[in-house]
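Residue strings, one per chain:
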Amino acid sequence: MKENGIQYLNEDAYSLLSFSLNSEVIKEVLDIIEVLSGQSSCKSKVAASGALSSILNILDLKIRVPGANATLARHCIVVLRNLCNNQKARLPITETQGCITSIAMLIETGSHEDQEHVLAILLTLCSQRVEYWQLVMDQCDLFPSLFDVSVNGSDKGKASAMELLWLLRDTNHGDVQSDDVTSKDANNHSKDKKSHKSLFGLKLPMFSRSSAHRRKK
């Protein structure tokens, strides 16, 4: 799809693409939406088209049924990653019920490539606004999965997992006070320091995908 052609797409075209995500041409539609989501002038239009609902359904299926169409799920993750780079486009992601939770769960169930995309999304959100950082902390129990990726992920995944761990636990977020941090996080402050040391080679806590999964149940 040529960029000069993209400029002429109106809101009806985006709505039609969103509707077509529930049709038999879903793969072709996702290809188009992925291209559109990568264009700065189209990001907010993709987010406003209603496509997020169908994208979440695809991701939920991937989570519930391991081995469900991984290609479709990966297209969805890339679209979300592209949208997160735009202020207007990322807003529907943070406001859509269950979106961040579904994204985060793919850290456990996705491939190394999926993990890299998901971590990039969460890093973008958490580094942009305090409210997004708090939203991630409130909705997700990320730490077991992040520890797991920091040991067993790809090189890029390991680096991103470490960065997100430091961002979630140790970064001073401007006017965020200790009362804004979850009670569990505060109660485990001393334990956190041991965990940070272990990440650098002393002793890693015994976290695994299976243990992380159990904690979410």
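Since we're looking at a predicted model, the values are computed, not measured.

Draft legend 1. Structural detail: the packing of aromatic side chains. Tallied over the full model, the rule gives zero aromatic pairs. In this arrangement the basic side chain of Arg-129 is found over the ring face of Tyr-132, its NZ or CZ atom lying 5.2 Å from the centre.

Draft legend 2. Summary view of empty space enclosed by the protein. Summed over all chains, the structure comprises one cavity of 30 Å³ or more. Looking at the largest cavity, the residues that line it are Tyr-14, Leu-17, Ser-18, Ile-33, Leu-36, Val-46, Ser-49 and Ala-51. Contributions of two or more residues to the lining of the largest cavity are made by α2 (11-20) and α3 (26-37). Per-element accounting of the lining of the largest cavity gives the leading share, three residues, to α2.

Draft legend 3. Inspection of the nonpolar core at higher detail. If you look at the biggest cluster of nonpolar residues, it comprises 57 residues, and the most contacted ones within it are Leu-122, Leu-142, Leu-146, Leu-164 and Leu-168. Discounting residues that sit within four places of it in the chain, Leu-142 has contacts with Ala-104, Ile-107, Leu-122, Val-136, Leu-164 and Leu-168.

Draft legend 4. The pattern of salt bridges, seen in detail. Following the criterion strictly, the structure yields four salt bridges and no others. The salt bridge partner of Glu-113 is Arg-74, with a shortest N-O separation of 3.7 Å. Taken together, the residues span a long stretch of sequence, with Glu-113 in helix α9 (residues 112-128) and Arg-74 in helix α6 (residues 70-83) at a distance of 39 residues. You can call Glu-113 partly exposed: its relative accessible area is 39%. Overall, the relative accessible area of 22% leaves Arg-74 in the partly exposed class. Salt-bridge contacts for Asp-114 lead to Arg-74; the nearest nitrogen and oxygen are separated by 3.0 Å. Of this pair, Asp-114 sits in helix α9 while Arg-74 sits in helix α6, and the two are 40 residues apart along the sequence. Salt bridges sharing partners connect three or more residues here, namely Arg-74, Glu-113 and Asp-114.

The rules behind each value
Residues numbered from 1 in each chain as written. Predicted model: local features only at pLDDT ≥ 70, side-chain atom pairs only at ≥ 80, totals over all residues. Heavy atoms only, no water. Phe/Tyr/Trp six-rings, centres within 6.5 Å; stacked < 30°, edge-to-face > 60°. Lys NZ or Arg CZ within 6 Å of the ring centre and 35° of its normal. 1 Å grid on protein atoms, 1.4 Å probe; cavity = no way out; pocket = protein on both sides within 12 Å on 5 of 7 lines; lining within 4 Å. Points joined across faces, edges and corners; volume = space filled by probe spheres on them. Helix = DSSP H or I, 4+ residues; strand = E, 2+ residues; numbered from the N terminus. Core = buried A, V, L, I, M, F, W, Y, C linked by side-chain atoms within 4.5 Å. Buried < 20%, exposed > 50% of the residue type's maximum accessible area, 1.4 Å probe, protein only. Contact = heavy atoms within 4.5 Å. Salt bridge = Lys/Arg side-chain N within 4 Å of Asp/Glu carboxyl O.

Bear in mind that shape data such as this cannot, by itself, settle questions of function.
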